[in-house]
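# Breakdown of the fold
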Amino acid sequence: MNELNPSGWRPSTGEIGTVDVPPTFTGNRALQLEEPLIFEIGSVDQCGVDLPDADDEVLPGLPLRAAPVDLPGLSEPEAVRHYTRLSRQNYAIDLGLFPLGSCTMKHNPRLNEKVARLPGFADVHPLQPQQTVQGALKAMNELAHWLITLTGMHGVAMTPKAGAHGELCGLLCIRAALEARGDLREVILVPESAHGTNPATAAFAGFRVENIPATAEGRVDLAALTARLGPDVAGVMITNPNTCGLFECDMKAISDAVHVAGGYVYCDGANFNAIVGRVRPGDLGVDAMHINLHKTFSTPHGGGGPGSGPVVLSEALAPFGPLPFSARQADGSVRLVEEENAAEEGHSQAFGRMCAFHGQMGMYTRALAYILSHGADGLRQVSGDAVLNANYVLRSLDDVLDAPFGAAGPCMHEALFSDDGFAEGFSTLDLAKGLIDEGFHPMTVYFPLVVHGAMLVEPTETESKAALDQFIGAMRSLAQRAKAGDPALKSAPHMAPRRRLDETLAARKPKLVWREA
Amino acid sequence: MPRYFTQDHEWIDVDGTAATVGITDYAQGQLGDITFVELPAAGADLGKGDSVCVVDSVKAASDVYSPVSGAVTDLNEALAEQPELVNSAAESDGWLWKMTLADAGELDALMDEAAYQTYVAGL
């Protein structure tokens, strides 16, 4: 046992660091395998599968390729081993704690996967007759109902494919609402601590972005925001809880002030995980908020295709939400509302559509499985445990790491630290690289920008106390090494497949295509 | 040639009605290794406080604001190949753009070197 490692856990690493180990013949480090690029192992002369000769009559009149494409040919075991070896050099939520702040890297329950693979969900086609996919449509409609209920909102646009796509959908609703009343406002206010996607979305939607400063406590400056409101302000975009891991206590006052001034309130729902089941954004005066199903509702990050970022809408914005959407009929069936039947459903003001079809079915089914397996009380416990875990990390580290807003009280779902107090020449980057040697994915670094040398840790509710203690032990050890100026930390990682990479050179002179040397 | 500073960490050298603008050594130190500088368009009309160009570093992408009003007359083309000049010589060879000075009165609102150093010390 050791005070830095209270659980006493130790990997069996033997005597690392006490003897100089010569490089191996293969370049491998035990089961950590070097892997060349696929172009370097495959040969264009061979092919792993038997393909029939091309038949000109199969593609009559099409411009056929005159020269071979020179794809590397590998046998099936070679191809399988190549990608399996690469996957072993990666880190994943299935391997360990993934403390990326603001990303909500929670466990993806296997029950979700089982449900998503049911043929009635997995093997349907968007152009199938609707009477043959009533189960799938009812599942979509039930998820929509849950999202509306959990957020206290009036409607939901299910089709956006990701968080930022949802932001765009919300702002297009705001634009449509303004156009409908002939009031072409052009400014969107965004706090300094906003997610980077917020100003980007507002600019993409044709608005002009203006920053609102933060208070010393890391929250939106209500007085500064109120002072800026006026007839040119279309709305504000606020993340709540915000990227400093703090609840915006003035949210209702902000919403009221924005509404009085004729604007709309967009809430970035990326951090809904911290408040689900406890706070309904609709009660805080929010007009539109996207929900990242891969964060709060445990669908995989980058899970085999587009994600899903439904947008819940207030009574003021719901009439402008995009097509198509599912609507339950008097006979209990569900139908898709499209251009031709929108008027029948009282939805003739839709601003348009966000994508060709009705959204990402695979994510809907996983999110619904998560919601139904937790139930309303379970979801309430999700946010409680997420906040408890983050505060456990915050209070277990705030004596060895600077916590900029630690004195202000409890944090929400993520704990924010800085590199203030590290030895001269040591920074957040060094601690993050040291975490790789300890077997963890680094936390979010240098974000939010309002804190110098920021380290944002989001443990999520799915980590056990033992897992948190192990992480905390590693962090305490690294913090003390950074404060003592341990030169070995400056060159970490030492035990990863690659040592510290020159990120500056990679950014200044990126190599974006492979060429034969 | 008098040099002035802004609270957003730009410096401006003034020579009659011509001026040269860059970011301060303090600013480059805060940003870390600069990886890319997106310069303004030659001839662009700038208002005081306008967001003119973007400096990317390994940590962040930051806007650079025009300290005064005027028109862009010249750009530091060397930064396209050597953005690291902003790190190594922020207040000399790492200058960003040259511009005309539309209203010399705007300089009165800026800080001199001593005032800027005091301002930075308080951050």
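Reading guide: rules and limits
- Residues numbered from 1 in each chain as written.
- Chains lettered and ligands numbered in written order.
- Predicted model: local features only at pLDDT ≥ 70, side-chain atom pairs only at ≥ 80, totals over all residues.
- UniProt positions renumbered as here; feature names shortened; annotations may be inferred.
- Helix = DSSP H or I, 4+ residues; strand = E, 2+ residues; numbered from the N terminus.
- Buried ≥ 20, exposed ≤ 12 C-beta atoms within 10 Å, placed from the backbone.
- Contact = placed C-beta atoms within 7 Å.
- Core = buried A, V, L, I, M, F, W, Y, C linked by C-beta atoms within 7 Å.
- Arc of directions from axis to C-beta.

## Examining the UniProt feature "modified residue: N6-lipoyllysine" (unreviewed entry) in chain B
In this numbering, the UniProt entry assigns the feature "modified residue: N6-lipoyllysine" (unreviewed entry) to Lys59 of chain B. Relative to the helices and strands, Lys59 of chain B resides in the loop between β6 (51-57) and β7 (61-65). When the 21 C-beta atoms within 10 Å are taken as the criterion, Lys59 of chain B is described as buried. In this structure Lys59 of chain B touches Tyr446 of chain A together with Leu31 and Gly32 of chain B, once residues within four positions along its chain are discounted.

## Remarks on the UniProt feature "domain: Lipoyl-binding" (unreviewed entry) in chain B
Feature annotation in UniProt places "domain: Lipoyl-binding" (unreviewed entry) on residues 18-100 of chain B, given in this structure's numbering. As annotated, residues 18-100 of chain B has a helix share of 13% and a strand share of 42%, and its two end C-alpha atoms lie 5 Å apart.

## Examining the nonpolar core
Here is a general trend for soluble globular proteins: nonpolar side chains tend to be buried in one another's company. With 123 residues, the main nonpolar core has Cys173 and Leu313 of chain A as its most contacted residues. Per-element tally for this core: the top contributor is helix α10 (residues 361-397) of chain A, with 16 residues. If we skip the residues at most four places from it in the chain, Cys173 of chain A touches Ala288, Leu313, Leu317, Phe320, Gly321 and Phe351 of chain A. In terms of nonpolar packing, the next biggest core, distinct from the first, is built from 29 residues, Val21, Val37, Val68 and Ala90 of chain B among them.

## Focus: the environment of Tyr119 of chain B
Residue and element names in this part refer to chain B. Within the secondary structure, Tyr119 is located in helix α3 (residues 113-121). A C-alpha to C-alpha distance of 7.9 Å links Tyr119 and Gln7, two positions 112 residues apart in sequence. Apart from residues lying up to four places away in sequence, Tyr119 is in contact with Gln7 and Met111.

## Here's the deal with helix α9 (residues 251-260) of chain A
Residues and elements named next belong to chain A. All of the buried residues along α9 are Met251, Ile254, Ser255 and Val258. What you see down the axis of α9 is that its buried residues fit within an arc of 95 degrees, all on one side. Those residues of α9 hidden inside the fold are in contact with α8 (222-228), β4 (233-239) and β5 (264-268). At the C-terminal side of α9, Gly262 shows a positive phi close to 85 degrees.

## Details of unusual backbone geometry
Residues and elements named next belong to chain A. The residue after Phe447, namely Pro448, is reached through a cis peptide bond having omega 5 degrees. Checked against the element boundaries, Pro448 lands in the loop between β11 (444-445) and β12 (455-457). In this model, Ala492 is joined to Pro493 through a cis peptide bond whose omega is 5 degrees. Looking at where Pro493 falls in the secondary structure, it is placed in the loop between α13 (487-490) and α14 (503-508). A positive phi angle, near 60 degrees, is found at Asp70, a position not held by glycine. Within the secondary structure layout, Asp70 lies in the loop between α1 (38-41) and α2 (76-88). The exposure class assigned to Asp70 is exposed, which follows from the 10 C-beta atoms found within 10 Å. Backbone geometry places Thr104, a non-glycine residue, at a positive phi of 50 degrees. Within the secondary structure, Thr104 is located in the loop between α2 and α3 (110-116). Judged by the 26 C-beta atoms lying within 10 Å of it, Thr104 falls in the buried class.

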